[in-house]
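Listed below are the residues making up each chain.
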Amino acid sequence: MIIPIARYFVCEPENGSSAIDAGFVPAMLRRRLGMLAKMTLQVAQECAHDVPEVRFVYASRHGELKRTTMLLESICAKEELSPTLFGLSVLNASPGLFSMLQKNHAPATAISAGVSSFACGLLEAALQFAEKPQQPVLYVYADEPLPSWHGEQELPGCEAHAIGLLLHPAAEIVITSDFSAWEGVSSDEAPSRAFLRCLSDGEAVWRGEGRAWRWLKQ
């Protein structure tokens, strides 16, 4: 599978959501957004602010887990649910917001596939581009670590971060991607971090959930 990348951008906030540049979002809406949505919108804006009718593929392992937790706590407390909170908690909320801000009517796809969310989302974006290469595809992966009370151990490199890739015919970077069955030991890093190594070093392999994914820069 060929992944032609014209632009990419990485957001890794170290000091909370205030460190994220989402100034292009109207202030009234921006105040309602959490860190995950702000990261998503920032990398989307950096990669595709001037690309009309760009298709959007979004992936996240956990999505807006903090907002979902707040909704569940409200249910447990027998309180009324906030329609705004619910609307911003669904997985496709951020792609929808970006489409509205850009007045973009192209399709948007949201994917969550466990630890493999980044790799599966990237595969979906590459397949969409291969089907219709004349129409660019924006791929964004964004995630935050689980709250401490959840108890699940995270892979190294799972700090809050977002990655945006613009798949475009006028690509400056071309990555080939393939995967195969794998029954050995899983990688000890997040797949998104492995892909960033490919962009910097030229090649990376990530293994997990029964597959080995290999990315190679041409």
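For the structure, check the block above.
Residues numbered from 1 in each chain as written. Predicted model: local features only at pLDDT ≥ 70, side-chain atom pairs only at ≥ 80, totals over all residues. Heavy atoms only, no water.

1. Here's the deal with the side chain of Ser-192
Now for step 1: As for its position among the elements, Ser-192 is in helix α7 (residues 191-201).
Now for step 2: Owing to a relative accessible area of 1%, Ser-192 belongs among the buried residues under this scheme.
Now for step 3: Ser-192 has contacts with Phe-118, Tyr-141, His-161 and Ile-163, leaving out every residue within four places of it along the chain. (Helix = DSSP H or I, 4+ residues; strand = E, 2+ residues; numbered from the N terminus. Buried < 20%, exposed > 50% of the residue type's maximum accessible area, 1.4 Å probe, protein only. Contact = heavy atoms within 4.5 Å.)

2. Remarks on the environment of Leu-199
Now for step 1: Positionally, Leu-199 belongs in helix α7.
Now for step 2: A residue is classified by how much of its surface remains accessible, and Leu-199, at 6% relative accessible area, is buried.
Now for step 3: As for Leu-199 and Lys-217, which are separated by 18 residues in sequence, their C-alpha atoms are 6.9 Å apart.

3. Details of the pattern of salt bridges
Now for step 1: Under the defined criterion, the tally for this structure stands at five salt bridges.
Now for step 2: In this structure, Glu-12 engages Arg-193 in a salt bridge whose closest nitrogen and oxygen atoms are separated by 2.4 Å. Taken together, the positions of Glu-12 in the loop between β1 (2-11) and α1 (27-30) and Arg-193 in helix α7 put the pair 181 residues apart, joining distant regions of the chain.
Now for step 3: In this structure, Glu-203 engages Arg-214 in a salt bridge whose closest nitrogen and oxygen atoms are separated by 3.0 Å. (Salt bridge = Lys/Arg side-chain N within 4 Å of Asp/Glu carboxyl O.)

4. Focus: the sheet that holds strand β8 (residues 211-217)
Where strands meet in a sheet, backbone hydrogen bonds hold them as pairs that are either parallel or antiparallel.
Now for step 1: Spatial strand order, β3-β2-β4-β5-β1-β6-β8-β7: eight strands in an open sheet with mixed pairing. Sheet topology places β3 (108-111) and β7 (203-208) at the edges, where each strand pairs with a single neighbour. Direction aside, neighbouring strands of the sheet carry axes that sit 25 degrees apart on average.
Now for step 2: Pairing of strand β6 (residues 173-181) with β8, which is carried by seven bridges, proceeds in the antiparallel orientation. Across the sheet, Thr-176 pairs through a bridge with Leu-216, a residue of β8.
Now for step 3: Contacts between helix α6 (residues 117-131) and the sheet are confined to β1, β2 (55-59), β3, β4 (137-143), β5 (161-167), β6 and β8, with β4 contributing the most and set at about 170 degrees to the helix. (Pairing = 2+ DSSP bridges. Axes fitted to C-alpha atoms, helices over the stretch in contact; angles between N-to-C directions.)

5. Brief notes about a nonpolar patch on the surface
Now for step 1: Residues Leu-72, Ile-75 and Leu-81 make up a contiguous nonpolar surface patch of about 280 Å² in total accessible area.
Now for step 2: Residue placement: Leu-72 occurs in helix α3 (residues 65-76). (Patch = residues over 30% accessible without salt bridge, like charges linked within 9 Å, V, L, I, M, F, W, Y side chains within 5 Å. Areas by Shrake-Rupley, 256 points an atom, 1.4 Å probe, with all protein chains shown as cover.)

6. Some points on the environment of Met-35
Now for step 1: Tracing the chain through its elements places Met-35 in helix α2 (residues 35-48).
Now for step 2: Note: C-alpha distance between Met-35 and Ile-20 (15 residues apart in sequence) is 8.0 Å.

7. Remarks on α6
Now for step 1: The terminal C-alpha atoms of α6, which comprises 15 residues, lie 21 Å apart, in line with the 21 Å expected from a rise of 1.5 Å per residue.
Now for step 2: All of the buried residues in α6 are Ser-117, Phe-118, Ala-119, Gly-121, Leu-122, Ala-125, Ala-126, Gln-128 and Phe-129. (Expected span 1.5 Å × (residues − 1).)

8. A few points about empty space enclosed by the protein
Rolled over the atoms, a probe sized like a water molecule indicates the empty space that remains.
Now for step 1: The tally for this structure, following the rule as stated, stands at three cavities of 30 Å³ or more.
Now for step 2: Taken as a whole, the second largest cavity holds about 40 Å³ of empty space.
Now for step 3: When the residues that make up the lining of the second largest cavity are grouped by side-chain class, the tally is four nonpolar, two polar and three charged. (1 Å grid on protein atoms, 1.4 Å probe; cavity = no way out; pocket = protein on both sides within 12 Å on 5 of 7 lines; lining within 4 Å. Points joined across faces, edges and corners; volume = space filled by probe spheres on them. Nonpolar A, V, L, I, M, F, W, Y, C, P; charged D, E, K, R; others polar.)

9. So, the packing of aromatic side chains
Now for step 1: Following the criterion strictly, the structure yields seven aromatic pairs and no others.
Now for step 2: Measuring from ring centre to ring centre gives 5.5 Å for Phe-118 and Tyr-141, while their planes differ by 85 degrees; the resulting arrangement is edge-to-face. In this pair, Phe-118 is assigned in helix α6 and Tyr-141 in strand β4, connecting sequence segments 23 residues apart. The pair Phe-118 / Tyr-141 is uniform in exposure class, with both members buried.
Now for step 3: Note on Phe-118 and Trp-215: the rings are 6.0 Å apart at their centroids and 85 degrees apart in plane angle, and the pair reads as edge-to-face. (Phe/Tyr/Trp six-rings, centres within 6.5 Å; stacked < 30°, edge-to-face > 60°.)

10. Side note on the pairing of β4
Now for step 1: Of all seven residues in β4, seven are buried, a share of seventy percent or more.
Now for step 2: Burial along β4 is two-sided: the face carrying Val-137, Tyr-139, Tyr-141 and Asp-143 and the face carrying Leu-138, Val-140 and Ala-142 are both buried.
Now for step 3: Relative to β4, β2 runs parallel, the two sharing five bridges. Pairing of Ala-59 across the sheet is with Tyr-141, part of β4.

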